[in-house]
Structures are given as structure tokens and as C-alpha cells.
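Single-letter residue listing:
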Amino acid sequence: MSGLRPGNEYMVSLCTMLVCNRLTSAAAFIKIQTKPSPPVNLKVKEVKSRSVMLCWERPEDMEGVLYGYNIMYSCDEEQPKSEMVEFEASEVTLSDLKPGVQYSFTIVTVLQGGGRSSGSSTHVCTKPAPPVNLKVEEVKTTSVTLCWERPKDMKGVYYKYIISYSCGREQPESETHESHICSAVLSGLKPGVEYNVTVSTVLHDGAKSNENSTHVLTLPSSPRDLKVKEVKSRSVILCWERPEDMEEVPYGYDITYSCDGEQPKSEMVESEASEITLSDLKPGVQYSFTIVTVLQGEGRSSGSSTHVCTKPVPPVNLKVEEVNTTSVTLCWERPKDMEGVYYKAEYNVTVRTVLHDGAKSNGNSTHVLTLPSSPRDLKVNEVKSRSVMLCWERPEDMEGVPYGYEITYSCDGEQPKSEMVESEASEITLSDLKPGVQYSFTIVTVLQGGRRSRGSSTHVCTKPVPPVNLKVEEVNTTSVTLCWERPKDMEGVYY
């Protein structure tokens with residue numbers, strides 16, 4: 001029987017008919033339902049990592065027939081799954097798929113009574129899942145280190161990574177890495193440039209995951225050959241060469257400078273500059289200078305550094321106090337703004353013979369180092385039998401000069417002894433003295449080079465020690481007899 005409509009129920013009767021007279025028997029009846037026609041033109045409309053959208057056209061010649069669709073799908077090592085959709089549908093999204101896996105899809109038409117058409121099939125590989133947690137681990141001038149984690153749910157799937165990077169209008173460059181490598185160093189980059197970096201998973205057939213992307217700004221290159229061009233008491237001129245490979249990159253310079261005991265200061269200059277004068281410095285102080293390249297996006301290069309000591313300022317108000325035939329007495333005031341700076345009061349003195357017409361001889365020169373000032377007001381603070389505590393006030397006008405003190409003490413019949421103490425001290429206890437003895441004490445200021453001030457002196461007699469082992473030998477009504485031993489270490493002392 002042909003020419004029937006698909007998916008329709010037919011009543012078929014069958015009887016026996018004699019050929020001679022065309023008599024027929026009673027009819028035998030049977031109901032027959034034709035198979036539905038299958039959906040046509042099954043296609044994959046969209047593929048993602050974990051889902052696929054299928055679309056199809058309705059089965060032919062099925063008007064007036066109630067039916068639906070059954071979509072079956074499977075991959076290796078998994079049980080087939082199925083979805084039922086109504087006949088109005090012409091597409092379906094299957095969302096419980098694994099990434100990077102080949103799936104087979106079959107759709108059949110299903111009648112209400114259970115009749116099923118032949119299948120219409122297709123297959124597709126889902127996209128791989130992208131790498132996760134893409135991070136920039138290290139940024140340098142011409143290289144960037146990236147790291148990431150493996151894509152999820154990709155066990156048993158062979159894949160690689162493609163790293164693509166580009167800046168501005170340049171053509172992207174790419175690298176390929178095996179799946180067990182989860183980091184990459186991109187080298188040969190331009191300094192001070194923002195790069196767009198993407199990492200994708202790619203299958204053996206070329207299917208790529210969505211991109212995991214990040215932006216990274218390479219460090220600018222540093223200014224080169226920082227030098228001190230000129231040094232004065234209160235200013236320094238620095239010069240440098242421009243950073244390499246920074247053409248067309250907007251940048252400037254940040255110069256930071258500092259000395260001990262002060263907060264760092266900084267100056268910003270434009271990229272056209274190649275030198276700067278820093279004028280707020282202290283005289284006679286060691287300064288450190290660092291210059292870095294600064295991008296508009298706040299990226300900073302590593303620093304190029306140097307250091308220099310500013311020149312000291314000269315003494316002021318130099319005067320001639322007295323002039324004799326063969327001698328001259330000079331006086332002056334200390335240089336200004338040199339507090340806290342160690343310097344020697346060392347002076348170069350030159351004497352020339354000058355005629356009435358102004359003609360001068362060659363100079364005869366010498367160096368003079370002034371003596372340090374003496375400690376003041378040396379006093380005895382406490383006296384005991386075997387020790388004395390001395391105290392004093394610091395010498396005047398010695399700020400910024402490294403020095404210490406030497407205390408010398410002696411008594412008749414003994415060699416002098418001495419003690420060295422640091423400049424912070426203002427007292428000392430001398431503990432190796434004899435009782436009942438007159439001692440002389442002298443304190444001087446001592447410079448690092450050994451120069452010594454005049455002394456400040458005092459003297460004191462140590463207390464005698466008491467007699468020992470005092471005993472009562474005899475007691476009477478109106479008298480007592482006592483005995484004792486001489487005090488120790490008092491030999492040669494009248495008492």
C-alpha cells in the first residue's frame with residue numbers, strides 16, 4: 001500500500017473474492033498507523049563550552065497529526081541522554097554538556113501513541129573551557145610573566161594554550177604552550193606600552209575556547225647615565241640621557257633626593273628635560289639622588305641613582321684683629337647652616353709680600369686646625385672612700401664635630417690614669433681610687449684626629465676608711481677599754 005500520509009491511522013479491511021463470480025467473504029479488519037516522517041535539516045546553530053543549540057525543520061506531511069520530538073545525545077564513556085520537546089519547537093538548547101568533547105545528536109518525531117520516525121543526526125565537538133585565574137606575576141621593561149590555572153572539567157581531553165598579545169594597531173603575536181604548562185614569559189615587548197593579553201584553550205581540531213584576557217603596562221625604561229654636573233653649597237645640577245625605546249610614549253621624570261635626618265623631596269620634570277638644578281640643599285651634606293621615568297598611567301621605571309656631598313659654606317666675617325711685624329691675628333665666625341655637619345676648623349693661610357705699587361710675591365701657605373673648646377664647669381658630684389663621681393657641661397660651639405672626652409687623674413706617688421668617654425656623657429664614676437688621698441682630675445675634649453682642647457681641672461680628697469674590728473676589752477664601773485685594727489689601704493696617709 002503506498003501513497004499513505006505519514007503518522008496517520010488507517011483502517012484496512014481484507015476479504016476473499018472468487019474470481020468466477022466475484023463473491024466475497026466476510027471482511028477482516030486491522031488498524032495501521034504509518035510512521036511519522038522525521039524532522040529535516042538538523043543543524044547545530046550555536047556551540048559553547050557546556051551547551052549546544054540545535055535547530056531543525058518540521059517533518060513533512062504531518063499537518064493535523066499530534067506529535068513531539070525526542071532529542072538524544074551522547075559522548076564516549078557516558079550513557080545517552082534525551083530531551084522531549086513539543087511539536088511547535090524548532091530549536092533546543094542542551095546545557096549539561098562537557099567542554100571539549102565530541103557529541104552525537106539524533107532527533108526523532110514521536111507520536112502520541114509512541115510511534116517514532118527514523119532519526120535525523122549530526123555531531124559536534126563542544127568548545128573547550130578557557131583557562132581560569134589569569135594573573136600577571138611580574139612586569140619588567142621588555143617582558144611580562146603570566147600564570148593561570150587549568151580549565152575546569154577538561155580531564156582526558158587533549159588541548160593546548162594559545163597566548164596572544166598586542167599593543168595599539170600592531171598585529172597580534174601568539175605563542176602556543178602544552179597543557180601542563182600554566183605560565184608564560186612574554187619577551188621582546190616595548191617599554192612603557194599597554195598590552196592586551198589573551199589566553200585560550202585550543203583543541204587538536206583547532207576549536208578555541210573563549211578568551212581569558214587582561215591588560216598589562218610594561219615598565220618604562222630608566223633614564224641613563226645620571227651624573228652630577230655641578231656642585232655648590234646649596235645646589236646641585238644633575239644631568240642624564242633619555243630612556244631607550246620610549247619614542248611616542250608620553251612620560252616625565254621624577255627626581256627624588258634626601259639626606260640623613262630629613263624627609264625625601266621630589267621634583268617632576270617633563271620628558272624634554274635632560275638636566276635639573278636642585279636649589280634647596282644644605283651645605284656640607286651627603287645627598288642621594290634617584291631619577292625614574294614616570295608614565296601618564298602611573299607606571300614607574302627602576303631608578304638610576306647617584307650621590308654627592310654639597311660644598312661647605314665658608315667662615316664669615318673674617319677680620320684682622322692685630323698686625324705686628326712678623327705676625328697677624330685673625331678672627332672669624334663659624335659658617336652658617338652647618339649645624340649637625342662634621343667639619344674641621346681647618347684653614348689655609350697664605351702670606352705674600354706686597355710692594356707699594358701693588359706687586360705681590362708668591363704666597364707662602366700653611367694649614368691651621370683650630371683646637372676644640374673645653375668641657376665646662378667640671379665638678380665633684382659625689383665622694384666616697386674609693387670612688388669619685390665627676391660631672392661637667394658640654395663644650396661650646398661643637399655641634400656637628402665628632403669628639404669625646406679624656407679624663408686624667410692622679411695622686412702623689414702614682415702614675416696618672418685616664419678614661420675615655422663619648423660625647424653624649426656628662427658624668428663619670430672613677431672607682432679605682434685610694435681612701436684618704438688627694439686626687440687631681442683633668443678633662444679635655446678630644447677630636448677624632450687626636451687634637452685636644454685645654455683642660456678643665458678640679459681636685460678632691462677621697463674619704464678615709466673606718467677602723468675595723470672595734471671591740472670592748474674591759475669594762476669597769478667608771479671606765480671602758482676599747483681596741484680596734486687600723487683602717488685598710490691607708491698606708492702613708494696621715495690620720
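These numbers come from a predicted model, not from an experiment.

A. Expanded view of the overall build of the protein chain. Across its full length, the protein chain holds zero helices and 36 strands. The C-alpha radius of gyration of the protein chain comes to 53 Å, more than 25% above the 23 Å expected for a compact globule of 495 residues. In terms of overall dimensions, the protein chain has a C-alpha envelope of 185 × 105 × 30 Å along the principal axes. Looking at the protein chain as a whole, 36% of its 495 residues are labelled buried. Here the analysis covers contacts within the protein chain between residues at least 6 apart in sequence; of these, 54% occur between residues at least 24 apart.

B. Quick peek at unusual backbone geometry. Its identity is not glycine, yet D225 carries a phi of approximately 55°, on the positive side. By the secondary structure assignment, D225 is in strand 17 (residues 224-231). Within the chain, D377 stands out as a residue other than glycine whose phi angle is a positive 55°.

C. Summary view of the pattern of salt bridges. Applying the stated criterion across every chain, the model contains 21 salt bridges. Its salt-bridge partner being D225, residue K227 comes within 3.4 Å of it at the nearest N-O pair. Residue classification places D225 among the partly exposed positions, given a relative accessible area of 39%. Across the pair E396 and R376 runs a salt bridge whose closest N-O atoms are separated by 3.6 Å. Of this pair, E396 sits in the loop between strand 29 (388-393) and strand 30 (403-410) while R376 sits in strand 28 (residues 376-383); the two residues are 20 residues apart in sequence, bridging distant segments of the chain. With relative accessibility at 47%, the residue E396 sits in the partly exposed group. Take R376: its relative accessible area is 32%, and that puts it in the partly exposed class. If you follow the salt bridges from partner to partner, you end up with R224, E241 and E244 in one network.

D. Quick look at the sheet that holds strand 15 (residues 194-203). The four strands lie next to each other as 13-12-15-16, forming an open sheet whose pairing is antiparallel. Of all the strands in the sheet, the pair left with one neighbour each is strand 13 (173-178) and strand 16 (212-217). Strand-to-strand, the axes of this sheet are offset by a mean angle of 20°, without reference to chain direction. Both strand 15 and strand 16 contribute to a ladder of six bridges, which runs antiparallel. Along strand 16, the bridge assignment pairs E194 with L217.

E. Representation of the pairing of strand 35 (residues 468-475) in the model. For strand 35, the tally of buried residues reaches only zero of eight residues, placing the bulk of the element at the surface. Where strand 35 lies against strand 36 (residues 480-485), five bridges are found, and the strand directions are antiparallel. Looking at strand 36, one finds that V472 is bridged to L482.

F. Summary view of the environment of C309. Secondary-structure assignment places C309 in strand 23 (residues 304-309). Once the C-alpha coordinates of C309 and K232 are considered, the two residues, 77 residues apart in sequence, prove to be 9.3 Å apart. Apart from residues lying up to four places away in sequence, C309 is in contact with V231, G284, V285 and Q286.

G. A look at the packing of aromatic side chains. Enumeration over the complete set of coordinates arrives at 15 aromatic pairs. Ring centres 5.7 Å apart and planes at 75° place the aromatic pair Y251 and Y253 in the edge-to-face group. The buried category is assigned to Y251, whose relative accessible area is 14%. Taking relative accessible area as the criterion, Y253 reaches 0% and is therefore assigned buried. Seen from their ring centres, Y403 and Y405 are 5.6 Å apart, and the 75° between their planes marks the pair as edge-to-face.

H. Quick peek at the sheet that holds strand 8 (residues 102-111). Pairing is antiparallel in the open sheet, where four strands are placed in the order 6-5-8-9. If you trace the sheet from one side to the other, it starts and ends with strand 6 (81-86) and strand 9 (120-125), each paired once. If you compare each strand with its neighbour and ignore which way they point, the axes differ by 20° on average. Pairing of strand 5 (residues 67-74) with strand 6, which is carried by six bridges, proceeds in the antiparallel orientation. Across the sheet, N70 pairs through a bridge with M84, a residue of strand 6.

I. Broad picture of the environment of S25. Following the sequence through the fold, S25 ends up in the loop between strand 1 (9-14) and strand 2 (28-33). With a relative accessible area of 33%, S25 lands in the partly exposed category. Sequence separation between S25 and S456 is 431 residues, and the spatial gap between their C-alpha atoms is 158 Å. Look past the residues within four positions of S25 in its chain and what remains in contact with it is C15 and T16.

J. Structural detail: the side chain of T145. Relative to the elements of secondary structure, T145 occurs in strand 11 (residues 143-149). Once residues lying within four places of it in the same chain are set aside, the contact partners of T145 are K135, V136, E137, E138, A184 and V185.

K. Spotlight on the pairing of strand 12 (residues 159-166). Relative to strand 15, strand 12 is paired through eight bridges, and the arrangement is antiparallel. Residue pairing across strands places Y165 opposite V197, the latter belonging to strand 15. As consecutive antiparallel partners, strand 12 and strand 13 are separated by six residues, and within that stretch G168 has a phi angle of approximately 55°, a positive value.

Quick notes on the rules
The numbering scheme is per chain: residues are counted from 1 as the chain's sequence reads. Residues qualify for local features only when their pLDDT is at least 70, as the model is predicted, and side-chain atom pairs are given and counted only at 80 or more; totals for whole chains, interfaces and linings, by contrast, use all residues. Think of the side-chain values as coming from all heavy atoms in the structure, minus any hydrogens and water. To qualify as a helix, a DSSP run of H or I must reach at least 4 residues; to qualify as a strand, a run of E must reach at least 2; elements of each kind are numbered from the N terminus. Restricting the calculation to C-alpha atoms gives the radius of gyration, and the globule rule supplies 2.2 Å times the number of residues raised to the power 0.38. With a 1.4 Å probe rolled over the protein chains alone, any residue whose accessible area is under 20% of its type maximum counts as buried; one over 50% counts as exposed, and the rest are partly exposed. Contact between two residues is taken to exist if any of their heavy atoms lie within 4.5 Å; hydrogens are not considered. Salt-bridge detection follows one rule: a side-chain nitrogen of Lys or Arg within 4 Å of a carboxyl oxygen of Asp or Glu. DSSP bridges decide pairing: two strands pair if at least two such bridges lie between them. Where helices are involved, their axes are fitted lines through C-alpha atoms of the stretch in contact, as for all axes, and angles between N-to-C directions lie from 0 to 180°. Two rings belonging to Phe, Tyr or Trp (six-membered ring only in the last case) form a pair when the distance between their centres is within 6.5 Å. Interplanar angles under 30 degrees mark stacking, angles over 60 mark edge-to-face geometry, and anything in between is tilted.

By themselves, these figures tell us nothing about what the structure is for.
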